[in-house]
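# Secondary and tertiary structure notes
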There are 2 protein chains.
Amino acid sequence: MIKTPYLLFLGDAPDQLAAKVAQGIKDWRPENAVGQYRMDGCKADLGLTDMTLREARAAGAKTLVIGVANRGGVISQAWKKVLVMALEEGFDLASGLHNLLRDEPDLAAVAQATGRVLHDVRLPEVRYPIANGKKRTGKRCLAVGTDCSVGKMYTALAMDKEMRARGMNCSFRATGQTGILITGDGAPLDAVVADFMAGSVEYISPDNDPDHWDLIEGQGSLFHASYSGVTMALIHGGQPDALILCHEPTREHMRGLPDYRLPTLEDLRDVALTLAKVVNPTCQVIGISVNTQHMSEADAAAYLAELETRMGLPATDPFRFGAEKLVDALATV
Amino acid sequence: MIKTPYLLFLGDAPDQLAAKVAQGIKDWRPENAVGQYRMDGCKADLGLTDMTLREARAAGAKTLVIGVANRGGVISQAWKKVLVMALEEGFDLASGLHNLLRDEPDLAAVAQATGRVLHDVRLPEVRYPIANGKKRTGKRCLAVGTDCSVGKMYTALAMDKEMRARGMNCSFRATGQTGILITGDGAPLDAVVADFMAGSVEYISPDNDPDHWDLIEGQGSLFHASYSGVTMALIHGGQPDALILCHEPTREHMRGLPDYRLPTLEDLRDVALTLAKVVNPTCQVIGISVNTQHMSEADAAAYLAELETRMGLPATDPFRFGAEKLVDALATV
């Protein structure tokens, strides 16, 4: 568990896109973002107050989060200087980079000497149990996709935001690096050892109030040859009461697999629901989330209308048209 | 890859069952078993020649395989003495124990000094790739189960034996610790990191001759909440042309999950085939393997006959009645 709130480190980001992790934190958990730290030459700006390390500490920030992708997989000497100072000022550090903070001898030494924590969210920090499959209290929603990278995390975060606005009792449960940094907690499922995958999902989504919803972040796709095992573990560890089907209609093949066509939403519905019912016989598919970024607004609206008729389910693009329809459907479960 | 042939170390096994890994090697790969090494008080006997370390080396043995379960998860001092001598005599060591050879400082030091290899097959020895889903040459058969521990490994090994006897071109591909020790190679799938599971299966089952069959060892079950992700990765990494359905008809609940009933063979057929067709549209279910150990011979025969009528597929218990029917069916694919 990463201590919040954060100072967001944008480093020397070459453009706004390089700071997309920091942007995600600011968009979805603004209360976690006390300010931003930018180095000379930084081309990203989240519109937060620029702060020195000391100012951010005074404002309550507890962890410096690396919210920017580094170049070439190397933590540069320029970054290092700031990171070491941050440890000395009393910050923990958190990073989702592939190259780990703990593998940098100088950072490890200063963290040790100052008693600060280095969070590398790329790897698990917990020894997860083997899943026991026992029915848990509270309710759970999981987004499943026809492919990877079709908007499953965005869908869950948008629903979480709408549900909070309505005063509903809910938690976003992160299963990937970005989600973990946004919320400060979760399981990096793609890095968990096979036998413990479903157990890690049970671990992050424990018993809860009867009216509480966990919005569990989806990963991969049951139809993606590389990552389907991860998705399967999410369905059986997640024990969903509600599934959201996610899709990107203009994609010509599965991401990274040029020989594979996407399944239909009907295929996804049938397979995902059959498998979810193994652990939760009352599971329902309650709606469809479509990433329409490559369609005109008129085409997107027409496609969603056609889909609602065809599938008999509410369909929206939560980025373009909001998540209200999906939350309305969830509220009836 | 573990160097064969082996000297099988039975240690101070308290009974025959404790030596079941060694028994598996002797049963399925007798050509890998030069002899057995028994300590004072050993109550197991494989019927192989008892050999000293030196005699076994002279007979060509290259690896001492720990073919016995240890008590309390500790490698005893009595064992250690033999294992150290074995390294000094020029043996590599191989073990599937949970407590690792490499974690014993004395064994690690002697192995280092003598240039011998310690194989802990509990953990991967390879950095597996992410699966690419590309269609591979050759043919593949995978056993899938209604539950864990219903005879998937036994089924594949029995088919492999029958196919070898018929002169068919085939390989058993191990995905678990016992299978790896039997054949000297394979991927310990339950210990592979999530993102690389399907890739590890692709790795152990590469392109092959058009008439060659890989008999891939199954794991877990699509219907087992704890391990279904592993099974999913096997199906999508394995790219099977043929599926065998495995079942144990007297089991009252899923193994380790008292609240879960077993699925029907029809459920298993439908879900497994649907998922297998994602990576191999021509995949077929070709037969049923039933573990009838808790049924009388007459009841078993009647059950299998009923199953053949009901499912329209050949059904056998390969332990009791042989694997011929399954191989006959495979030969038509």
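Residues numbered from 1 in each chain as written. Chains lettered and ligands numbered in written order. Predicted model: local features only at pLDDT ≥ 70, side-chain atom pairs only at ≥ 80, totals over all residues. Heavy atoms only, no water.

This paragraph deals with the overall build of chain A. Assigned secondary structure in chain A consists of 12 helices and 11 strands. The globule rule puts the C-alpha radius of gyration for 333 residues at 20 Å, and the 20 Å found for chain A is close to it. The principal-axis extents of the C-alpha atoms in chain A amount to approximately 60 × 45 × 45 Å. A burial count over chain A gives 59% of its 333 residues as buried. Counting only contacts in chain A whose residues sit at least 6 apart along the sequence, the fraction spanning at least 24 positions is 75%. Put simply, chain A shows about 13,200 Å² of open surface, and 52% of that area lies on carbon and sulfur atoms. (Helix = DSSP H or I, 4+ residues; strand = E, 2+ residues; numbered from the N terminus. Rg over C-alpha atoms; globule rule 2.2 N^0.38 Å. Buried < 20%, exposed > 50% of the residue type's maximum accessible area, 1.4 Å probe, protein only. Contact = heavy atoms within 4.5 Å. Areas by Shrake-Rupley, 256 points an atom, 1.4 Å probe, with all protein chains shown as cover.)

Taken as rigid bodies, chain A and chain B are interconverted by a rotation of 180 degrees and an axial shift of 0.0 Å, the fit giving an RMSD of 0.0 Å. Expressed as an axis order, the relation between the two copies is that of a two-fold axis. An overlap of 100% is found between the interface residues of chain A and their copies at the interface of chain B, pointing to a shared contact surface. (Least-squares fit on C-alpha atoms with pLDDT ≥ 70 in both.)

Moving on: the sheet that holds strand E3 (residues 63-66) of chain A. Residues and elements named next belong to chain A. Ordered in space as E2-E1-E3-E4-E5, the five strands form an open sheet in which the pairing is parallel. Strand pairing shows two members of the sheet lacking a second neighbour, strand E2 (33-38) and strand E5 (118-120), which therefore form its edges. Recorded for the sheet is a direction-independent mean angle of 20 degrees between the axes of neighbouring strands. Pairing between strand E4 (residues 92-95) and E5: three bridges, direction parallel. Counterpart to Ser95 in the pairing with E5 is Asp120. (Pairing = 2+ DSSP bridges. Axes fitted to C-alpha atoms, helices over the stretch in contact; angles between N-to-C directions.)

With that settled, consider the pairing of strand E1 (residues 6-11) of chain A. Residues and elements named next belong to chain A. Here E1 lies mainly inside the structure; six of its six residues are buried. Alternating positions in E1 separate into two faces, Tyr6, Leu8 and Leu10 on one and Leu7, Phe9 and Gly11 on the other, with burial throughout. Two strands pair when backbone bridges link them, and E1 and E2 are joined in this way by five bridges, in the parallel orientation. Pairing of Tyr6 across the sheet is with Ala33, part of E2.

Residue-level contacts link 33 residues of chain A with 33 residues of chain B. Taken over both partners, the interface formed by chain A and chain B buries close to 2,700 Å², and the fraction arising from carbon and sulfur atoms is 62%. At the boundary of chain A and chain B, one finds zero salt bridges. Where chain A touches chain B, the interface holds 10 residue pairs in polar contact (both at pLDDT 80 or more). (Buried area = accessible area lost by both parts, 1.4 Å probe. Salt bridge = Lys/Arg side-chain N within 4 Å of Asp/Glu carboxyl O. Polar contact = N/O pair within 3.5 Å; in protein donor to acceptor, adjacent residues only side chain to side chain.)

What follows deals with the environment of Tyr37(B). Residue and element names in this part refer to chain B. Looking at the secondary structure, you find Tyr37 in strand E2 (residues 33-38). Under the relative-accessibility criterion, Tyr37 is labelled buried at 14%. Placed 29 residues apart in sequence, Tyr37 and Leu8 show a C-alpha to C-alpha distance of 6.0 Å. Beyond its immediate stretch of four places on either side in the chain, Tyr37 contacts Leu7, Leu8, Phe9, Leu10, Gly11, Met51, Thr52, Leu53, Val82 and Met85.

Moving on, we come to the packing of helix H8 (residues 228-238) of chain A against helix H8 (residues 228-238) of chain B. The description of two helices packed together rests on the angle between their axes and the distance between the axes. With their axes 7 Å apart at the nearest point, H8(A) and H8(B) run at an angle of 155 degrees to one another. Comparing their axes, H8(B) and H8(A) come out roughly antiparallel. The two elements H8(A) and H8(B) meet at a crossing, and its hand is right-handed. Between H8(A) and H8(B), the residues in contact are Ser228(A), Gly229(A), Met232(A), Ala233(A) and His236(A) and Ser228(B), Gly229(B), Met232(B), Ala233(B) and His236(B), respectively. Its residues assigned to classes, the contact of H8(A) with H8(B) shows four nonpolar, six polar and no charged. (Parallel < 35°, antiparallel > 145°, perpendicular 65-115°, else oblique. Left-handed = near helix turned anticlockwise from the far one by under 90°. Nonpolar A, V, L, I, M, F, W, Y, C, P; charged D, E, K, R; others polar.)

Before going further, it helps to examine the domain arrangement of chain A. Residues and elements named next belong to chain A. Assigned domains within chain A: domain 1 (6-120) and domain 2 (139-331). Contact with domain 1, which involves 14 residues of that partner, is made by 14 residues of domain 2. Taken together, the two surfaces of domain 1 and domain 2 that pack against each other cover about 1,000 Å², and 64% of this comes from carbon and sulfur. When the buried surface of domain 1 facing domain 2 is broken down by residue, Val21, Trp28 and Arg29 rank first, second and third, together holding 59% of it. (Domains from an automatic or database assignment.)

On inspection of all chains with the given rule, the structure shows zero disulfides over all chains. Its sulfur unpaired, Cys148(A) is 12 Å from the next cysteine sulfur, which belongs to Cys246(A). (Disulfide = S-S within 2.5 Å.)

In this section: the pairing of strand E1 (residues 6-11) of chain B. All names here are of chain B. Traced from E1 through helix H1 (residues 20-28) to E2, the parallel crossover comes out right-handed. For E1 and strand E3 (residues 63-66), the ladder comprises four bridges, and the chain directions are parallel. Across the sheet, the residue bridging to Leu7 is Leu64, located in E3. (Right-handed = clockwise from strand over helix to strand, strands pointing away.)

This next bit is on the pattern of salt bridges. Pairing of side chains with opposite charge becomes possible as their charged atoms draw close. All names here are of chain A. Considering all chains together, one arrives at 40 salt bridges over all chains under this definition. A salt bridge links Asp214 to Arg140; its shortest N-O distance comes to 3.8 Å. One end of the pair, Asp214, is in strand E8 (residues 213-216); the other, Arg140, is in strand E6 (residues 139-145), and 74 residues separate them in sequence. The pair Asp214 / Arg140 is uniform in exposure class, with both members buried.

Moving on to H8(A). Burial analysis of H8(A) places 11 of its 11 residues in the buried class, which makes it a mostly covered element. Taken as a whole, H8(A) has its buried residues at Ser228(A), Gly229(A), Val230(A), Thr231(A), Met232(A), Ala233(A), Leu234(A), Ile235(A), His236(A), Gly237(A) and Gly238(A). Residues of H8(A) that are buried make contact with E6, helix H7 (197-204), E8 and helix H9 (265-279) of chain A together with helix H7 (197-204) and H8 of chain B. The positive-phi residue at the C-terminal boundary of H8(A) is Gln239(A), with phi of around 55 degrees.

This part takes up the UniProt feature "domain: D-glutamate N-acetyltransferase-like N-terminal" (unreviewed entry) in chain A. Within this numbering scheme, the UniProt entry marks residues 40-123 of chain A as carrying the feature "domain: D-glutamate N-acetyltransferase-like N-terminal" (unreviewed entry). For residues 40-123 of chain A, the helix share is 35%, the strand share is 13%, and the end-to-end C-alpha distance is 30 Å. (UniProt positions renumbered as here; feature names shortened; annotations may be inferred.)

We now examine the sheet that holds strand E10 (residues 284-290) of chain A. All names here are of chain A. Read from one edge of the open sheet, six strands run E7-E8-E6-E9-E10-E11, paired in parallel fashion. Each edge of the open sheet carries a strand with a single partner, namely strand E7 (170-173) and strand E11 (315-316). Sheet topology note: the E10/E11 ladder contains two bridges and is parallel. In the sheet register, Ser289 faces E11, and the bridge partner there is Thr316. Sheet strands touched by H8: E6 and E8. Its angle to E6, the strand with the most contacts, is close to 165 degrees. Of the strands in this sheet, E6, E8, strand E9 (242-247), E10 and E11 are in contact with helix H12 (residues 324-331), which crosses E10 at around 175 degrees.

Attention now moves to the UniProt feature "domain: D-glutamate N-acetyltransferase-like C-terminal" (unreviewed entry) in chain A. Mapped onto this numbering, the UniProt entry gives "domain: D-glutamate N-acetyltransferase-like C-terminal" (unreviewed entry) at residues 130-327 of chain A. Counting secondary structure, residues 130-327 of chain A comes out at 39% helix and 15% strand; the distance between its end C-alpha atoms is 32 Å.

All right, on to the environment of Gly199(B) then. Residue and element names in this part refer to chain B. Assignment of secondary structure puts Gly199 in helix H7. Overall, Gly199 belongs to the buried group, its relative accessible area being 0%. Spatially, the C-alpha atom of Gly199 lies 18 Å from that of Arg122, the residues being 77 residues apart in sequence. The contact partners of Gly199, leaving out residues within four places of it in the chain, are Tyr128, Pro129, Ile130 and Ala131.

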